[in-house]
Amino acid sequence: MQRRILKLMGAAAAATLLLTACEGEGAGSSGPDEDAEAGDLTVGVAMPTQTYERWLNDGANVEEGLEELGYNVELQYADDDIPTQQQQIDQMVTQGVDALIIASIDGSALSGQLEAAASAGIPVIAYDRLIRDSENVDFYVTFDNYEVGVKQAQSLLYGLGILDENFEEAEDAPEGPLNIELFAGSLDDNNAHFFWDGAMDTLEPYLEDGTLEVPSGQTDIEQAATQRWEQETAQERMENLLTAHYSGDEELHGVLAPADPLSRGIINALRNDGWGETIEDGLPVVTGQDAEIASISLIAQGVQHSTIFKDTRLLADQAVEAADAFLQGEEPEANDTESYDNGVKVVPSYLLDIEMVLQENYEEILVESGYYTEEQVESGQL
Ligand code: BGC
């Protein structure tokens, strides 16, 4: 609690100054302890980009949750630009926010900012993406990222007929070899490695026994990565793979894609290259993540095969709870104290569950639960 004390000392000095300055204004409170009411406190929220639907929701939900508890919120998006995010956080620290919630762009590029935050006694919560190489990360809220990768791979194996609907070896599984290509996220995002490891651990036995093949031979995360998670980059890589390895009569049966915008880029490339409009008429099965409305619409139409639903409303709740705990001088409750080593320490984490979404269950998971309406699914828009 050294940080909290430091912070309070800072606030005490400020309060004294303020009292001196506004004498006679009836400022009744004599110290920061009584002062530390939610309305006097500000939480800085740093989000990576507005180009992904999820981060817009994350920002809005975190802001709303904090405001409901009475806190002031400083919410910033950084346009997926690392210097912009560093600058935004620097500024939040300088302006004296009382806690920080950060979804990093490059998980290893914020050590300086976090050091400044620690010196000012500001607790830091890493949001969804782990901040690496810093001891000044106090808490981490996220999903079970390894399991995301496992479920992406299982859904791919199911789509290829290798696993049955219970995700066990299918009795009539094709002997193969079936051809797949692999995509990963941005290498500077710690999550990308967890998704990849979960997926590759699950696919490995089938790659080893020859049921699956990767005709491009690009089976390292460095080769499969998509810098900044950009849709156009994934689309371009898919186009290049098709030209280089599938211009004859080589078949492509499936693509591991780690996030919905990338899945849609990959599907665009496949459609433009004449593989079919739906899975039924020849489009390879493509996985995804985030349950974005445009992809749920494609899943309903039998175009995209699967996605992973991560309820970001619950993640926002956890981040708000953690910030609130720190601001009350308490420690937030972790449910995982082993998985997330950031290179300097294991960061206490709160992990949320995830769900695989397919054509046969999107209605139950996303429509009946009220997450999306049937009209939104039909139009593909919110
Ligand atoms: C998040 C994913 C998201 C990706 C791209 C990852 O860190 O966990 O949900 O699709 O970033 O924004």
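Residues numbered from 1 in each chain as written. Predicted model: local features only at pLDDT ≥ 70, side-chain atom pairs only at ≥ 80, totals over all residues. Heavy atoms only, no water.

### Some thoughts on the sheet that holds strand 2 (residues 72-77)
Read across the sheet, 6 strands follow the order 2-1-3-4-5-11 without closing on themselves; strand pairing throughout is parallel. Only two strands of the sheet have a single neighbouring strand rather than two, namely strand 2 and strand 11 (349-352). Each strand axis lies, on average, 15° off the axis of its neighbour in the sheet, ignoring direction. In terms of strand pairing, strand 4 (residues 124-127) meets strand 5 (residues 139-143) through 3 bridges, oriented parallel. Across the sheet, isoleucine 125 pairs through a bridge with phenylalanine 139, a residue of strand 5. Set on the sheet, helix 3 (residues 53-68) makes contact with strand 1 (42-47), strand 2, strand 3 (99-102) and strand 4; between it and strand 2 the angle comes to about 170°. (Pairing = 2+ DSSP bridges. Helix = DSSP H or I, 4+ residues; strand = E, 2+ residues; numbered from the N terminus. Axes fitted to C-alpha atoms, helices over the stretch in contact; angles between N-to-C directions. Contact = heavy atoms within 4.5 Å.)

### Focus: the sheet that holds strand 8 (residues 254-256)
Where strands meet in a sheet, backbone hydrogen bonds hold them as pairs that are either parallel or antiparallel. A sheet is described by the order of its strands in space; here 4 strands give the open sequence 7-6-8-9, paired in parallel fashion. Each edge of the open sheet carries a strand with a single partner, namely strand 7 (212-213) and strand 9 (285-286). Across 3 bridges, the pairing between strand 6 (residues 178-182) and strand 8 is parallel. Pairing of leucine 182 across the sheet is with leucine 256, part of strand 8. Docked against the sheet, helix 6 (residues 145-159) engages strand 6, strand 7, strand 8 and strand 9, running at close to 180° with respect to strand 8.

### Topic: the site of the ligand
Near the ligand lie 13 residues; those nearest to it are Arg54, Asp128, Arg129, Asp189 and Asp290. Arginine 54 is positioned such that a nitrogen or oxygen atom in its side chain is 2.8 Å from an oxygen atom of the ligand. In this structure, asparagine 191 approaches the ligand through a side-chain N or O atom, which is 3.0 Å from an oxygen atom. Contact with the protein chains removes 99% of the 310 Å² of surface that the ligand exposes when unbound. (Near = heavy atom within 4 Å. Polar contact = N/O pair within 3.5 Å; in protein donor to acceptor, adjacent residues only side chain to side chain. Areas by Shrake-Rupley, 256 points an atom, 1.4 Å probe, with all protein chains shown as cover.)

### Some thoughts on the domain arrangement of the protein chain
When the domains of the protein chain are assigned, the result is domain 1 (11-137 + 312-352) and domain 2 (145-310 + 356-379). Inter-centroid distance (C-alpha atoms) of domain 1 to domain 2 is 34 Å. Of the residues lining the interface, 16 residues belong to domain 1; the matching set on domain 2 comes to 17 residues. Of the roughly 1600 Å² buried at the junction of domain 1 and domain 2 (both faces included), carbon and sulfur atoms supply 41%. Summed over the three residues of domain 1 that lose the most area to domain 2, namely Tyr52, Glu53 and Tyr340, the buried surface amounts to 37% of that side. Where domain 1 packs against domain 2, one counts 1 salt bridge. The salt bridge involving arginine 129 is made with aspartate 189; its shortest N-O contact spans 2.8 Å. Taken together, the connections running from domain 1 to domain 2 amount to 10 residue pairs in polar contact (both at pLDDT 80 or more). Elements with a minimum of two residues in the side of domain 1 that touches domain 2: helix 3 and helix 12 (312-327). Classifying every residue of the side of domain 1 that touches domain 2 by side-chain character gives 5 nonpolar, 3 polar and 8 charged. (Domains from an automatic or database assignment. Buried area = accessible area lost by both parts, 1.4 Å probe. Salt bridge = Lys/Arg side-chain N within 4 Å of Asp/Glu carboxyl O. Nonpolar A, V, L, I, M, F, W, Y, C, P; charged D, E, K, R; others polar.)

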